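# Fold and contact review
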Amino acid sequence: MTITHPNVTVGRALDLLAKYDATAPFFFASPRGTLLAEGRSHPVPATADLSTAVRDVLDLATADGDDDPLVVGAVPFDPSATPRLCVPRRIRRSGPLPSRFALPSRFALPSRFALPMEADRVDARRVEVPGRATYADGVRRAVTRLRAGELDKVVLARALDIVTTEPIDIGTLLRRLAARDPAGYTFAVDLGAGTLIGNSPELLVSRQGDLVTANPLAGSLPRSDDPFEDFGQAQALLASRKDRREHALVVEAVADGLRPLCTDLEVPAEPSLIRTAAMWHLSTVVTGRVLDPAVRSMTLAAALHPTPAVCGTPARAARAAIAEYEAFDRGFYTGLVGWENNSGDGEWVVALRCAVAHGSSARLYAGAGIVADSDPAAELAETTAKFRTMLTGLEL
Ligand SMILES: C=C(O[C@@H]1C=C(C(=O)O)C=C[C@H]1O)C(=O)O
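Structural notes, computed from the coordinates. Here the structure is a predicted model, which is why all the values come from computation and not from measurement. (Residues numbered from 1 in each chain as written. Predicted model: local features only at pLDDT ≥ 70, side-chain atom pairs only at ≥ 80, totals over all residues. Heavy atoms only, no water.)

## Side note on the state of the cysteines
Stated formally: Count a disulfide wherever a pair of cysteine sulfur atoms falls within 2.5 Å.
A complete count under the given rule lists zero disulfides for this structure. In this structure C86 is not part of a disulfide, and its nearest cysteine sulfur, from C354, lies 19 Å away.

## Things to note about the site of the ligand
So the rule is basically this: Definition of nearness: a residue and a molecule or strand are near each other if at least one heavy atom of the residue lies within 4 Å of the molecule or strand. Polar contacts, as used here, are pairs of N or O atoms within 3.5 Å; protein pairs need one atom able to donate a hydrogen and one able to accept it. Residues neighboring in sequence count only if both atoms are side-chain atoms. Methods summary: accessible areas were calculated by the Shrake-Rupley approach with a probe of 1.4 Å, and residue burial reflects only the protein chains presented. Working definition: helices are DSSP H or I runs of at least four residues, strands are E runs of at least two. Numbering for both runs from the N terminus. When residues are grouped by polarity, Ala, Val, Leu, Ile, Met, Phe, Trp, Tyr, Cys and Pro land in nonpolar, Asp, Glu, Lys and Arg in charged, and all others, Gly among them, in polar.
The environment of the ligand is made up of 18 residues, and the closest members are E202, S220, Y333, R353 and G367. Within the backbone of L217, an N or O atom sits 3.1 Å from an oxygen atom of the ligand. Taking E246, its side chain carries an N or O atom lying 3.2 Å from an oxygen atom of the ligand. Coverage of the ligand by the protein amounts to 100% of the 390 Å² it exposes when considered alone. At the level of secondary structure, the elements contributing two or more residues to the shell around the ligand comprise β13 (217–222), β22 (361–370) and α10 (376–393). The residue makeup of the shell around the ligand, split by class, is eight nonpolar, five polar and five charged.

## With respect to the sheet that holds β13
In plain terms, the rule: Strands are treated as partners if at least two bridges between them are detected by DSSP. Geometry is summarised by axes, namely lines fitted to C-alpha atoms with helices restricted to the contacting stretch, and by angles between N-to-C directions that run from 0 to 180 degrees. Contacts: residue pairs with any heavy atoms within 4.5 Å of one another.
Taken in spatial order, the three strands make up an open sheet running β13-β16-β15, and their pairing is antiparallel. The open sheet has two edge strands, β13 and β15 (272–275), and neither has a second partner. Recorded for the sheet is a direction-independent mean angle of 30° between the axes of neighbouring strands. The strands touched by helix α6 (residues 227–239) are β13, β15 and β16 (279–283); relative to β16, the strand with the most contacts, the crossing angle is about 30°. Sheet contacts for α10: β13 and β16; angle to β16, the most-contacted strand, approximately 105°.

Just geometry here; none of it tells us what the structure is for.
Rendered as structure tokens:
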């Protein structure tokens with residue numbers, strides 16, 4: 001392990017993953033690298049101008065003697081709600097996680113799980129919020145409004161509350177999420193009361209030097225265990241007019257959001273496919289260069305958030321529909337998780353395929369983009385498939 005500066009230690013990604021426990025304020029693994037934070041200082045206050053607030057806090061940390069501070073943490077779906085961002089006391093960094101790895105035996109399932117019937121599976125309580133019939137009915141009513149032309153797209157989510165027989169081991173959960181999908185963005189953010197934890201496939205935006213990258217996803221189908229069926233799902237998604245339309249609305253909004261802040265914007269005309277362990281998604285990688293170094297990663301993120309991948313179009317009408325149809329407060333779900341450094345570089349991912357876990361309970365979240373030709377049963381099935389990421393991590 002090499003010490004590069006007093007507050008920053010470089011270590012192997014798997015060592016950082018192994019070290020993480022729920023007392024750490026932040027863990028983040030991306031294709032750019034892995035971060036494990038320790039201790040909290042310099043919290044970022046709630047403000048209408050998050051980009052300036054993040055920069056101010058980084059300046060403050062620099063003035064206090066930290067020569068390479070990072071702001072890390074999460075921003076709620078509602079950007080006016082209080083963020084959970086701070087400059088940690090110490091940060092360990094490494095390269096990205098290996099593309100494939102097995103968990104060391106100490107993180108393997110305890111022997112009781114090897115029994116044919118696992119105690120937790122039988123005893124864990126699950127409550128859907130709202131129930132599936134109510135969710136499908138909300139989708140049906142939204143479709144009526146979409147067909148009437150009141151809006152073009154709205155993302156409707158539901159939650160799954162789980163109570164397990166034993167406290168959830170957050171560290172083990174994180175390691176299982178990372179091992180199952182090392183190419184995803186694996187994160188854990190200490191919220192004070194509970195931990196926001198998940199493995200998201202979606203990069204809202206990153207800035208590296210003057211290079212800007214966004215990777216909006218929209219349009220989804222569940223994976224299948226049968227390899228032929230799985231290939232069929234991928235082909236069906238790529239050919240689906242409904243999903244392409246849903247996807248195009250997001251790409252258009254991301255390009256529109258970046259255009260005033262970037263030059264050399266490149267927006268591929270056709271989507272590609274990406275897969276997680278549970279889902280296929282339509283994906284577009286949008287790139288550009290910042291017009292001005294004052295355009296920081298959070299400036300870009302704030303200009304884009306929330307995209308129609310998690311909210312809808314037009315945004316105001318979609319927000320109103322979400323408030324009307326969803327039975328719960330999204331909190332940090334569909335918000336942002338990531339980091340920014342002194343020079344304005346940073347990475348912000350969309351908080352998806354995640355849960356807030358606390359003690360023996362967890363609230364899992366999943367949503368689906370609804371357009372005029374959405375089928376309520378298919379949207380319900382999509383949200384069920386999206387819960388799979390966290391349920392598998394929890395071994396439920
Ligand atoms: C809202 C979620 O996912 C978002 C919605 C998608 C869709 O509607 O196809 C795809 C990826 C995400 O942008 C979620 O995972 O909860």
